[in-house]
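A look at the structure
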Amino acid sequence: MFWIQTKKPQNPVHPAKARLLLTEGKAAVFRQFPFTIILKEKVLDVASNPLRIKIDPGSRETGIAVINDDSGEIVFAMELRHRGQQIKNNLESRRAIRRSRRNRKTRYRKPRFDNRTRAEGWLPPSLKSRVHNIETWVNRLCRFCNIQAISMELVRFDMQKIQNPEISGVAYQQGELMGYEVREYLLEKWDRTCAYCGKTDILLEIEHIVPRSKGGSNRVSNLTLACTACNRKKGNKPIEQFLSRKPGLLKRIQKQSKVPLKDAGAVNTTRWDLFRTLKKNGLPVETGSGGLTKFNRTTRGLHKTHWLDAACVGQSTPEKIFQIDKAVLIVKADGHGSRQMCRVNKFGFPRTTAKSTEKKVKGFQTGDIVKAVVTSGKKVGTYTGRVAVRKSGSFNIKTVDKTVQGISWKYCRLLHASDGYSYNTTC
């Protein structure tokens, strides 16, 4: 992807074309992640192709793809890893430390009044961070590409129709898409393994825990996954009889059948907030279900990844989808640091001195991606990675495989400023 000097988005180019423009000096690197170049010479105005952002939201990872609807080419793909669980753990740790200090009547912050109210549509920070992460990247891609539409997976599963198939009549229950909704739900719930023997990477069949001949229903709480051998061996036996010699396994299956999907619940909780957030861009937003996504991916013969799932979201999915020699960007949300002034010990008291309010040292701050070319001393070499700054000007650089300490700021060159995310690529 590249811009002309007027910062007008142009058509994405092949990596080889980008390397040629950089080698010939006709362009310069504008941004490392996502990799963007800017032309040094003005070119004739060429109408850029309209593109569509497609999003497959997840509890832990979200797939994002930019696709050309006319040609079916995936021009950009990324997987965004959220930090919701880390936020939840941090809040619980802080709460535990505060309660501990209050119980001992030592130095503590007084509890706030109990009749506090929350704004309409409030979400826990661990869930809201997922919405903010996706919003950030949609806005960035809209700056770099000619985005004309957005597609998102609104529901992982159509929960109401799965739990009560008769809600829209027999036609929906027996439809082709309904099978994909139920199967995808069960694959997630039972971790893609046979409930009875624990085998993976094999063909799995939908199996009734309480057989239909014994009064069992088609409700999803009565369904599990089993391999062909276990399914035939169980037949129409009650599960208590089939697993009479395995009481531990019987108890686990009965318990797991009643447990809702935590990750699916997180996605369903944030889906409408994400939808409203995306609508603020003023672009048309198409929605689809997880069952439709899997149906599109299966019928087009694509393997399962988060970014390919994103490319298959919605009814607008082209009949043919392809990608040409472009790496997939792996983005992990790390946050922008901590507001905590100093670290505490297990009793909740400070164990370090208060950190400086000045984040930058010699123009660098912790989290920046730098390239250091050391020409003298014990650490001669070239190092590229994330920097940790010190007030003395002697930095640490964390590369892919090690951490190099004591690199002077004079050898460092900024490649990408800290933005709360870490990056990696995969082909």
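The following paragraphs examine the structure supplied in this document. Since the model is a prediction, treat every value here as computed from it, not as a measurement.

Within the open sheet, the 5 strands sit side by side as E15-E14-E13-E12-E16. Their pairing is antiparallel. Strands with a single pairing partner mark the edges of an open sheet, and in this sheet they are strand E15 (403-408) and strand E16 (412-416). Strand-to-strand twist in this sheet, taken as the mean axis angle between neighbours without regard to direction, amounts to 45°. Pairing of strand E13 (residues 381-388) with strand E14 (residues 394-398), which is carried by 3 bridges, proceeds in the antiparallel orientation. Bridge pairing links Ala 388 to Asn 396 in E14.

Right, let's get into unusual backbone geometry. What you tend to see is this: most non-glycine residues have negative phi, and most peptide bonds are trans. Cis geometry marks the peptide bond from Phe 33 to Pro 34; its omega dihedral reads -10°. With respect to the element layout, Pro 34 can be found in the loop between strand E2 (27-31) and strand E3 (36-39). Even without being a glycine, Arg 192 presents a positive backbone phi close to 55°. Tracing the sequence through the fold places Arg 192 in the loop between helix H6 (176-189) and strand E8 (204-208).

According to the stated counting rule, one finds 0 disulfides in the structure shown. Here Cys 194 stays free of any disulfide, with the sulfur of Cys 197 as its closest cysteine sulfur at 3.5 Å. Unpaired in terms of disulfides, Cys 230 finds its nearest cysteine sulfur in Cys 227, a separation of 3.4 Å.

A few words now on the environment of Phe 349. Here Phe 349 lies in the loop between strand E11 (328-333) and strand E12 (369-374). Residue Phe 349 is classed as partly exposed on the basis of its relative accessible area of 27%. In sequence terms Phe 349 and Ser 392 are 43 residues apart; their C-alpha atoms lie 27 Å from each other.

A separate point is the sheet that holds strand E7 (residues 147-155). Whenever strands of a sheet pair, they do so through backbone hydrogen bonds, lying parallel or antiparallel. One open sheet accounts for 7 strands, arranged E10-E7-E4-E5-E6-E11-E17; its pairing is mixed. Only two strands of the sheet have a single neighbouring strand rather than two, namely strand E10 (285-289) and strand E17 (421-426). Shown here is a sheet whose adjacent strand axes are inclined to one another by a mean of 20°, direction ignored. Of the pairings in the sheet, the one linking strand E5 (residues 61-67) to strand E6 (residues 74-81) comprises 7 bridges and is antiparallel in character. Paired with Val 66 across the strands is Phe 76, a residue of E6. Strand contacts of helix H3 (residues 125-144): strand E4 (51-56), E5, E6, E7, E11 and E17, with the helix running at about 65° to E17, the strand carrying the most contacts. Sitting on the sheet, helix H11 (residues 290-299) touches E7 and E10, and the angle it makes with E10 is about 85°.

Among the secondary structure elements, Ser 422 is positioned in strand E17. Of the residues examined, Ser 422 reaches a relative accessible area of 18% and is grouped as buried. Distance from Ser 422 to Cys 342, taken between C-alpha atoms, is 24 Å for residues 80 residues apart in sequence. Setting aside chain neighbours within four positions, we find Ser 422 in contact with Ile 330, Val 331, Lys 332, Asp 334 and Arg 386.

Here is what the cut-offs are and how they apply
Residues numbered from 1 in each chain as written. Predicted model: local features only at pLDDT ≥ 70, side-chain atom pairs only at ≥ 80, totals over all residues. Heavy atoms only, no water. Pairing = 2+ DSSP bridges. Helix = DSSP H or I, 4+ residues; strand = E, 2+ residues; numbered from the N terminus. Axes fitted to C-alpha atoms, helices over the stretch in contact; angles between N-to-C directions. Disulfide = S-S within 2.5 Å. Buried < 20%, exposed > 50% of the residue type's maximum accessible area, 1.4 Å probe, protein only. Contact = heavy atoms within 4.5 Å.

The analysis is restricted to geometry; functional conclusions fall outside its scope.
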